[in-house]
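Structure at a glance
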Amino acid sequence: MIKAIAVDMDGTFLNSNNDYNRERFEKIFNEIQQQNIQFIVASGNQYAQLRTFFPEKEQEMTFVSENGALVFKQDQLIQKVAFKANLVDRILQFLLDLPFQVGIVLCGVTQAYMLENEMATFKSFAKKYYYQLAEISSFSFLPKDEFVKFALNVSTEKTEELINCVNRYFLNEVVAVYSGHGDVDLIIPVIHKGEAVQKLLDKWQIDTSELLAFGDGNNDLEMLALANESYAMKNGSKEVLKTAKYTAPSNDEDSVLRMIESYLYE
(Lines give C-alpha, C1' and ligand atoms only; values in the text may rest on other atoms or scores of the structure.)
Protein backbone atom coordinates (compact mmCIF):
# COMPACT_ATOMS: atom_id res chain seq x y z
CA MET A 1 0.00 0.00 0.00
CA ILE A 2 1.34 3.42 -0.96
CA LYS A 3 1.55 5.94 1.89
CA ALA A 4 3.86 8.56 0.33
CA ILE A 5 4.43 9.88 -3.21
CA ALA A 6 7.55 11.84 -4.19
CA VAL A 7 7.72 13.61 -7.57
CA ASP A 8 10.47 15.50 -9.31
CA MET A 9 9.17 18.51 -11.24
CA ASP A 10 11.11 19.53 -14.38
CA GLY A 11 11.05 16.77 -16.99
CA THR A 12 8.90 14.57 -14.76
CA PHE A 13 5.72 16.05 -13.28
CA LEU A 14 5.84 19.12 -15.54
CA ASN A 15 5.43 18.84 -19.29
CA SER A 16 7.46 20.67 -21.94
CA ASN A 17 5.24 23.74 -21.46
CA ASN A 18 6.28 23.88 -17.79
CA ASP A 19 2.78 22.94 -16.65
CA TYR A 20 0.63 19.90 -15.87
CA ASN A 21 -2.95 18.69 -16.29
CA ARG A 22 -4.44 20.65 -13.39
CA GLU A 23 -7.98 19.37 -13.74
CA ARG A 24 -6.80 15.76 -13.66
CA PHE A 25 -4.50 16.45 -10.72
CA GLU A 26 -7.34 18.09 -8.78
CA LYS A 27 -9.22 14.78 -8.72
CA ILE A 28 -6.10 12.80 -7.95
CA PHE A 29 -5.05 15.07 -5.09
CA ASN A 30 -8.50 14.84 -3.51
CA GLU A 31 -8.14 11.07 -3.51
CA ILE A 32 -4.59 11.32 -2.13
CA GLN A 33 -5.93 13.30 0.79
CA GLN A 34 -8.82 10.89 1.29
CA GLN A 35 -6.35 8.02 1.54
CA ASN A 36 -4.08 10.01 3.90
CA ILE A 37 -1.09 9.76 1.54
CA GLN A 38 1.80 12.20 1.95
CA PHE A 39 2.58 14.13 -1.27
CA ILE A 40 6.18 15.30 -1.63
CA VAL A 41 7.42 17.70 -4.29
CA ALA A 42 11.16 16.96 -4.61
CA SER A 43 13.17 19.31 -6.81
CA GLY A 44 16.44 21.10 -7.27
CA ASN A 45 14.48 24.31 -7.62
CA GLN A 46 13.70 27.05 -5.12
CA TYR A 47 10.77 26.67 -2.74
CA ALA A 48 9.36 30.09 -3.71
CA GLN A 49 9.01 28.82 -7.28
CA LEU A 50 7.76 25.32 -6.48
CA ARG A 51 4.86 26.38 -4.31
CA THR A 52 3.40 28.56 -7.09
CA PHE A 53 2.55 25.43 -9.10
CA PHE A 54 0.05 24.33 -6.45
CA PRO A 55 -2.09 27.33 -5.45
CA GLU A 56 -4.36 26.60 -2.46
CA LYS A 57 -2.78 23.14 -2.07
CA GLU A 58 0.70 24.06 -0.88
CA GLN A 59 -0.33 23.79 2.77
CA GLU A 60 -1.17 20.11 2.30
CA MET A 61 2.14 19.21 0.63
CA THR A 62 5.75 18.82 1.66
CA PHE A 63 8.43 20.53 -0.46
CA VAL A 64 11.95 19.14 -0.71
CA SER A 65 13.77 21.99 -2.45
CA GLU A 66 17.36 22.73 -3.52
CA ASN A 67 18.00 18.98 -4.00
CA GLY A 68 17.20 18.19 -0.38
CA ALA A 69 19.02 21.00 1.43
CA LEU A 70 15.78 22.75 2.41
CA VAL A 71 12.49 21.10 3.35
CA PHE A 72 9.25 23.01 3.90
CA LYS A 73 5.97 21.88 5.43
CA GLN A 74 2.96 24.20 5.82
CA ASP A 75 5.14 27.11 4.71
CA GLN A 76 7.63 26.46 7.51
CA LEU A 77 11.28 25.50 7.06
CA ILE A 78 11.63 22.17 8.87
CA GLN A 79 15.04 20.99 7.62
CA LYS A 80 18.17 22.87 6.54
CA VAL A 81 21.73 21.89 5.64
CA ALA A 82 24.12 24.62 4.47
CA PHE A 83 27.70 24.87 3.20
CA LYS A 84 30.36 26.22 5.54
CA ALA A 85 31.16 29.86 4.75
CA ASN A 86 34.84 29.30 3.92
CA LEU A 87 33.94 26.51 1.48
CA VAL A 88 31.50 28.82 -0.31
CA ASP A 89 34.31 31.34 -0.85
CA ARG A 90 36.66 28.63 -2.18
CA ILE A 91 34.06 27.28 -4.60
CA LEU A 92 33.28 30.74 -5.96
CA GLN A 93 36.94 31.50 -6.56
CA PHE A 94 37.41 28.14 -8.28
CA LEU A 95 34.47 28.77 -10.61
CA LEU A 96 35.57 32.30 -11.46
CA ASP A 97 39.09 31.05 -12.29
CA LEU A 98 37.95 28.37 -14.76
CA PRO A 99 39.15 28.86 -18.35
CA PHE A 100 35.58 28.74 -19.67
CA GLN A 101 32.49 30.76 -18.81
CA VAL A 102 30.18 29.49 -16.08
CA GLY A 103 26.86 31.08 -15.18
CA ILE A 104 26.44 31.03 -11.39
CA VAL A 105 23.37 31.21 -9.20
CA LEU A 106 24.28 30.98 -5.51
CA CYS A 107 21.28 29.58 -3.67
CA GLY A 108 20.68 30.83 -0.14
CA VAL A 109 18.06 30.08 2.46
CA THR A 110 16.56 33.57 2.10
CA GLN A 111 16.96 33.99 -1.65
CA ALA A 112 19.26 33.26 -4.59
CA TYR A 113 22.02 35.54 -5.90
CA MET A 114 23.66 36.15 -9.27
CA LEU A 115 26.05 38.76 -10.65
CA GLU A 116 24.72 41.93 -12.24
CA ASN A 117 26.99 41.47 -15.24
CA GLU A 118 25.73 37.98 -16.16
CA MET A 119 24.52 37.51 -19.73
CA ALA A 120 20.91 38.58 -20.32
CA THR A 121 19.97 35.12 -21.58
CA PHE A 122 21.20 33.48 -18.38
CA LYS A 123 19.42 36.07 -16.24
CA SER A 124 16.16 35.37 -18.06
CA PHE A 125 16.65 31.62 -17.64
CA ALA A 126 17.45 31.95 -13.92
CA LYS A 127 14.34 34.04 -13.23
CA LYS A 128 12.17 31.16 -14.45
CA TYR A 129 13.39 28.99 -11.59
CA TYR A 130 14.33 31.47 -8.85
CA TYR A 131 11.43 33.71 -7.88
CA GLN A 132 13.45 35.23 -5.05
CA LEU A 133 16.57 36.30 -6.94
CA ALA A 134 18.85 39.25 -6.20
CA GLU A 135 21.54 40.67 -8.47
CA ILE A 136 24.78 41.63 -6.74
CA SER A 137 27.89 43.44 -8.01
CA SER A 138 30.39 40.89 -6.73
CA PHE A 139 30.64 37.57 -4.91
CA SER A 140 33.47 39.05 -2.80
CA PHE A 141 31.03 40.57 -0.31
CA LEU A 142 28.11 38.20 0.11
CA PRO A 143 24.81 39.16 1.76
CA LYS A 144 24.09 37.78 5.21
CA ASP A 145 22.60 34.39 4.38
CA GLU A 146 23.37 30.69 4.49
CA PHE A 147 24.10 28.94 1.21
CA VAL A 148 22.81 25.51 0.25
CA LYS A 149 23.49 24.98 -3.47
CA PHE A 150 25.28 26.34 -6.53
CA ALA A 151 23.25 26.22 -9.75
CA LEU A 152 25.59 26.47 -12.72
CA ASN A 153 25.14 26.77 -16.45
CA VAL A 154 27.75 26.03 -19.11
CA SER A 155 27.73 25.17 -22.78
CA THR A 156 26.66 21.54 -23.19
CA GLU A 157 30.08 20.46 -24.47
CA LYS A 158 31.64 21.70 -21.20
CA THR A 159 29.20 19.98 -18.83
CA GLU A 160 31.19 16.80 -18.30
CA GLU A 161 34.45 18.72 -17.95
CA LEU A 162 32.95 20.99 -15.29
CA ILE A 163 31.56 18.05 -13.31
CA ASN A 164 34.86 16.18 -13.41
CA CYS A 165 36.85 19.30 -12.44
CA VAL A 166 34.67 20.07 -9.45
CA ASN A 167 34.50 16.49 -8.20
CA ARG A 168 38.28 16.08 -8.42
CA TYR A 169 39.16 19.41 -6.83
CA PHE A 170 36.57 19.28 -4.04
CA LEU A 171 36.70 15.55 -3.35
CA ASN A 172 34.44 14.69 -0.36
CA GLU A 173 33.56 18.38 0.09
CA VAL A 174 31.22 19.01 -2.85
CA VAL A 175 29.33 16.85 -5.33
CA ALA A 176 28.64 18.09 -8.86
CA VAL A 177 25.58 16.54 -10.50
CA TYR A 178 24.12 17.00 -13.96
CA SER A 179 20.58 18.40 -13.94
CA GLY A 180 19.94 18.70 -17.69
CA HIS A 181 20.46 21.12 -20.61
CA GLY A 182 23.98 22.19 -19.62
CA ASP A 183 22.95 22.75 -16.01
CA VAL A 184 25.06 21.47 -13.14
CA ASP A 185 24.22 21.60 -9.43
CA LEU A 186 26.90 21.67 -6.74
CA ILE A 187 25.51 20.10 -3.59
CA ILE A 188 26.67 19.03 -0.15
CA PRO A 189 27.79 15.37 -0.07
CA VAL A 190 25.10 12.93 1.18
CA ILE A 191 22.57 15.77 1.12
CA HIS A 192 20.20 14.90 -1.69
CA LYS A 193 16.54 14.22 -2.39
CA GLY A 194 16.82 10.62 -1.19
CA GLU A 195 18.28 11.63 2.17
CA ALA A 196 15.61 14.30 2.71
CA VAL A 197 12.77 11.95 1.75
CA GLN A 198 14.15 9.24 4.05
CA LYS A 199 14.07 11.64 7.01
CA LEU A 200 10.46 12.50 6.22
CA LEU A 201 9.48 8.84 6.00
CA ASP A 202 11.15 8.17 9.36
CA LYS A 203 9.25 11.08 10.89
CA TRP A 204 5.95 9.80 9.48
CA GLN A 205 6.79 6.15 10.32
CA ILE A 206 6.42 5.15 6.67
CA ASP A 207 8.53 2.35 5.21
CA THR A 208 10.35 2.70 1.89
CA SER A 209 8.18 -0.17 0.60
CA GLU A 210 5.27 2.27 0.88
CA LEU A 211 6.95 5.01 -1.19
CA LEU A 212 6.15 5.76 -4.84
CA ALA A 213 8.71 8.00 -6.60
CA PHE A 214 9.21 9.56 -10.04
CA GLY A 215 12.24 11.23 -11.64
CA ASP A 216 14.22 11.87 -14.80
CA GLY A 217 17.57 13.40 -13.83
CA ASN A 218 20.67 12.23 -12.00
CA ASN A 219 19.74 14.33 -8.98
CA ASP A 220 16.80 11.88 -8.59
CA LEU A 221 18.93 8.74 -8.41
CA GLU A 222 19.04 8.36 -4.61
CA MET A 223 15.31 9.05 -4.29
CA LEU A 224 14.47 6.46 -6.95
CA ALA A 225 16.82 3.91 -5.37
CA LEU A 226 15.11 4.49 -2.03
CA ALA A 227 11.57 3.78 -3.25
CA ASN A 228 10.19 0.30 -3.61
CA GLU A 229 7.95 1.58 -6.42
CA SER A 230 10.10 3.86 -8.59
CA TYR A 231 9.57 5.17 -12.11
CA ALA A 232 12.06 6.68 -14.52
CA MET A 233 10.57 8.87 -17.19
CA LYS A 234 11.10 7.64 -20.74
CA ASN A 235 12.86 10.96 -21.38
CA GLY A 236 15.18 10.40 -18.40
CA SER A 237 18.95 9.91 -18.31
CA LYS A 238 20.43 6.46 -18.88
CA GLU A 239 21.47 6.30 -15.21
CA VAL A 240 17.91 7.04 -14.10
CA LEU A 241 16.47 4.45 -16.49
CA LYS A 242 18.88 1.90 -15.04
CA THR A 243 18.15 2.79 -11.40
CA ALA A 244 14.34 2.90 -11.37
CA LYS A 245 12.28 -0.26 -11.12
CA TYR A 246 9.92 0.79 -13.93
CA THR A 247 9.84 3.13 -16.92
CA ALA A 248 6.95 5.56 -17.43
CA PRO A 249 5.97 7.31 -20.68
CA SER A 250 7.40 10.79 -21.27
CA ASN A 251 6.55 13.84 -19.21
CA ASP A 252 4.38 15.12 -22.07
CA GLU A 253 1.90 12.26 -21.68
CA ASP A 254 0.47 12.91 -18.19
CA SER A 255 2.38 9.77 -17.24
CA VAL A 256 3.02 10.63 -13.58
CA LEU A 257 -0.68 11.28 -13.09
CA ARG A 258 -1.57 8.08 -14.93
CA MET A 259 0.79 6.00 -12.80
CA ILE A 260 -0.48 7.55 -9.56
CA GLU A 261 -4.06 6.79 -10.60
CA SER A 262 -3.16 3.16 -11.14
CA TYR A 263 -2.03 2.91 -7.50
CA LEU A 264 -4.90 4.93 -6.03
CA TYR A 265 -7.63 2.95 -7.70
CA GLU A 266 -6.12 -0.55 -7.79
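These remarks concern the structure in this document. These figures come from a predicted structure and were not determined experimentally.

1. Concerning the pattern of salt bridges
Tallying each qualifying case throughout the model produces 17 salt bridges. With a shortest N-O distance of 3.5 Å, E58 and R51 are connected by a salt bridge. In this structure, the salt-bridge partner of E195 is K199, at a minimum N-O distance of 3.0 Å. Of this pair, E195 and K199 are both found in helix α7 (residues 193-204), four residues apart, which corresponds to roughly one turn of the helix. One connected set of salt bridges, linked through shared partners, spans D8, K193 and D220.

2. Comments concerning the packing of aromatic side chains
Each aromatic ring pair is specified by the distance between its two centres and by the angle formed by the two planes. Counted according to the given criterion, the structure contains 23 aromatic pairs. On the basis of an interplanar angle of 80° and a centroid distance of 5.2 Å, the ring pair of F94 and F170 is categorised as edge-to-face. Separated by 76 residues along the polypeptide, F94 in helix α4 (residues 85-97) and F170 in the loop between α6 (159-169) and β10 (175-180) bring together distant segments of the chain. Here F94 and F170 have matching classes, each one buried.

3. Structural notes on the nonpolar core
Counting 76 residues, the largest nonpolar core has F13, F39 and F150 as its most contacted members. In this view, F150 contacts F83, V88, I91, L92, L95, I104, V105, L106, V184, D185 and L186; residues no more than four positions away in its chain are not counted. Of all hydrophobic cores here, the second largest spans 20 residues; its members include L200, I206, A227 and A232.

4. A closer look at empty space enclosed by the protein
A complete count under the given rule lists one cavity of 30 Å³ or more for this structure. Here the largest cavity defines a volume of roughly 70 Å³. As for the largest cavity, its lining consists of T12, F13, N15, D19, Y20, N21, N251, D254, S255, V256 and L257. Contributing elements (two or more residues each) for the lining of the largest cavity: α1 (9-13) and α10 (255-264). Looking at which element gives the most residues to the lining of the largest cavity, the answer is α10, with three residues. By residue class, the composition of the lining of the largest cavity is four nonpolar, five polar and two charged.

5. Points about unusual backbone geometry
A positive phi angle, near 60°, is found at N36, a position not held by glycine. Residue position: N36 is located in the loop between α2 (22-34) and β2 (38-42). A positive phi angle is found at D75, which is not glycine, with a value near 65°. Relative to the assigned elements, D75 resides in the loop between β4 (70-73) and β5 (76-80). Residue class for D75 comes out partly exposed when judged on its relative accessible area of 37%.

Conventions and cut-offs
Residues numbered from 1 in each chain as written. Predicted model: local features only at pLDDT ≥ 70, side-chain atom pairs only at ≥ 80, totals over all residues. Heavy atoms only, no water. Salt bridge = Lys/Arg side-chain N within 4 Å of Asp/Glu carboxyl O. Helix = DSSP H or I, 4+ residues; strand = E, 2+ residues; numbered from the N terminus. Phe/Tyr/Trp six-rings, centres within 6.5 Å; stacked < 30°, edge-to-face > 60°. Buried < 20%, exposed > 50% of the residue type's maximum accessible area, 1.4 Å probe, protein only. Core = buried A, V, L, I, M, F, W, Y, C linked by side-chain atoms within 4.5 Å. Contact = heavy atoms within 4.5 Å. 1 Å grid on protein atoms, 1.4 Å probe; cavity = no way out; pocket = protein on both sides within 12 Å on 5 of 7 lines; lining within 4 Å. Points joined across faces, edges and corners; volume = space filled by probe spheres on them. Nonpolar A, V, L, I, M, F, W, Y, C, P; charged D, E, K, R; others polar.

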